[in-house]
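Summary of the model geometry
Each chain is listed here by its residues.
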Amino acid sequence: MSHITRRELLLGSSATVLAATAGAFIADRALASAHSLTLSPLDHSILPDTVTRGMMSFAADGPPPVLRFKQGEAVAIDVANKLDEASVVHWHGLRIPNGMDGVPYLTQYPIEAGERFRYEFTPPDAGTFWYHPHCNTLEQMARGLTGVLIVEEPEDPGFDSDLPLNIRDFRLGGDGQFISLFKARSAARGGTLGTVSTVNWKVAPDFDLQAGSLVRLRLAVTDVTRVGRYEIEGADAMVIAVDSNPLPVPMPAREIELSPGQRADVALRVPDNEEDAVRLVLKRKFDERVIAHFRPIGVSVNRDLRELQRLRANPVPVPDLNNAEVMEFVFGWSPEGDAPQASICGTLGYTFWSINRKAWQGDVPGPLDPLATLKLGKTYVLRLRNETPNDHPIHLHGVSFQLLRSNKRKLVPLVTDTALLQSQETMDVALVADNPGDWAFHCHVIEHQKTGLAGFLRIED
Ligand code: C2O
Ligand code: CU
Ligand code: CU
């Protein structure tokens, strides 16, 4: 295990990142920093002594690279699709123009096998985000297409290093090969769980960190199904941001509940002594599992968590609650159970779920009707009502929203793009409809999304 230096961490610590970001220089856009991603089939070792066949990545030769952008600076990402099927890339949590959001037919045509597409945008917010396909989404994500995306603040908060953690499962048999990616009876309930937990495509990896240093752990749960609670054991660690937005008051890194699509930034004070190992624990229903180890290395540099700067709030508009319109969205069973329409972005062949009694009919050319139309610039309270006995991480593209209240529990007033709606819960969230376009609105348990629990909101002038 190599010692990770600050520089390597800032670079993303792997050769694939260098290869991916050293892509084509864009001469006609001197201001945009250029990146490239190649959607590729590959075989890769996840379990010891076996090679998993039929994986997919955003790089030809290893796990998806960590993308690093700067807040307020233009980027261009050239995506080449070397899969033998269509795809499209979505930047989860980024509030960017609709045409760059990467949703088939709603915002662009699918990128056919062998074709390319250039995404260009300027990230307005800093924090930990991620990226993934939005076409044949269950299969492509399950096979590996989920990557971490970081937008750095212009000012350095004072960490010694930065460590992205791409947390997800794979559904592998004992021989290391994929087993059925989902089961219909599970898709109609909580979703089909993976069998192997990984961090950065490794099973329980070890990370060597400078003793006594301050490390920014960037947890990104990119799994298709699993809702989990995470805990840092063996060190002082504080959650400083959730879903890219700084917490008003940092919280100890204990029992951090994260559902598919959610992120947490944790400030870790590495212990002083090499024998004091730190663990990242995933707490599941009936057991606990250590999914990563962090080892203090060298002589302590003796940093203190209080030396860190507070993160600045992102420029998300503040809802005007006195002039808000309330809109209700009911998440329930699918009334008819018809099969979804055929699509080049695939279907799972079933319809189990609905929003406002309408099941998403599949990723088809349309024209499609929005669930609701919001007026540009106006504040809305979305009343999210879960009629089902399952939990649903509800995700909205293009705008961030603030959690207001729940009929079941006390909520931290987070600003987020993905909120876990518990079974039978009604939650109010507020947003300013400041970004025009058609924005996907769906459950981030991908089997639920792909069997009806999806739709979109239209924001227009
Ligand atoms: Cu993270 Cu519509 O997706
Ligand atoms: Cu998204
Ligand atoms: Cu769901």
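Residues numbered from 1 in each chain as written. Chains lettered and ligands numbered in written order. Predicted model: local features only at pLDDT ≥ 70, side-chain atom pairs only at ≥ 80, totals over all residues. Heavy atoms only, no water.

Let us now look at unusual backbone geometry. Cis rather than trans, the peptide bond between glycine 366 and proline 367 has omega equal to 5°. Tracing the chain through its elements places proline 367 in the loop between β21 (353–355) and β22 (372–375). (Helix = DSSP H or I, 4+ residues; strand = E, 2+ residues; numbered from the N terminus.)

Quick look at the coordination of the copper ion (ligand 3) now. For the copper ion (ligand 3), every protein donor is listed as His392 (ND1), Cys443 (SG) and His448 (ND1), and the spread of their distances is 2.0 to 2.1 Å. Considered as a linear motif, the donors of the copper ion (ligand 3) on their single chain read H-x50-C-x4-H. Within this pair, whereas histidine 392 is found in strand β24 (residues 392–396), its partner histidine 448 is found in helix α5 (residues 446–450), the two being separated by 56 residues in sequence. Exposure remark for histidine 448: the relative accessible area of 0% places this residue in the buried category. (Donors = N, O, S within 2.8 Å, 3.2 Å for Na, K, Ca; no water. Buried < 20%, exposed > 50% of the residue type's maximum accessible area, 1.4 Å probe, protein only.)

Overall, the coordinates contain 1 disulfide when judged by the stated rule. Each sulfur of the disulfide joining cysteine 135 and cysteine 345 lies 2.0 Å from the other. Around the S-S axis, the bridge from cysteine 135 to cysteine 345 shows a dihedral of about -95° and counts as left-handed. Of this pair, cysteine 135 sits in the loop between β7 (127–133) and α3 (137–142) while cysteine 345 sits in the loop between β20 (325–333) and β21, and the two are 210 residues apart along the sequence. Judged by its relative accessible area of 0%, cysteine 135 falls in the buried class. Looking at cysteine 345, the relative accessible area reads 0%, which means it is buried. (Disulfide = S-S within 2.5 Å.)

Protein-derived ligands of the copper ion (ligand 2) are His90 (NE2) and His395 (NE2), with the metal-ligand distances lying across 1.9 Å. In this pair, histidine 90 is assigned in strand β5 (residues 89–92) and histidine 395 in strand β24, connecting sequence segments 305 residues apart. Taking relative accessible area as the criterion, histidine 90 reaches 1% and is therefore assigned buried.

This part takes up the nonpolar core. Counting residues in each nonpolar core, the largest one holds 62 residues, and the members touching the most others are Leu165, Leu217, Tyr230, Leu280, Phe294, Phe329 and Leu382. If you tally residues by element for this core, the top one is strand β12 (residues 214–221), at 4 residues. With near-sequence residues (within four places) excluded, phenylalanine 329 lies in contact with Ile355, Asn356, Leu371, Ala372, Leu382, Arg383, Leu384, Arg385, Phe441 and Leu457. Core analysis: the second largest hydrophobic core is formed by 27 residues, Phe58, Val89, Tyr119 and Leu149 among them. (Core = buried A, V, L, I, M, F, W, Y, C linked by side-chain atoms within 4.5 Å. Contact = heavy atoms within 4.5 Å.)

On to the pattern of salt bridges. Throughout the structure, instances matching the rule amount to 35 salt bridges. Of the charged contacts in the structure, one is a salt bridge between arginine 303 and aspartate 160, with a shortest N-O distance of 2.8 Å. Taken together, the residues arginine 303 in the loop between β19 (288–297) and β20 and aspartate 160 in the loop between β8 (147–152) and β9 (161–170) connect sequence positions 143 residues apart. Relative accessible area serves as the criterion here: at 18%, arginine 303 is assigned to the buried category. Residue glutamate 255 is joined to arginine 229 by a salt bridge in which the shortest nitrogen-to-oxygen separation is 2.5 Å. Here glutamate 255, found in the loop between β15 (245–252) and β16 (256–258), pairs with arginine 229, found in strand β13 (residues 228–233); they are 26 residues apart in sequence, far enough to count as distant. A cluster of three or more residues bridged by salt bridges with shared partners is formed by Arg68, Lys70, Glu152, Glu153, Asp162, Arg216, Arg218 and Asp265. (Salt bridge = Lys/Arg side-chain N within 4 Å of Asp/Glu carboxyl O.)

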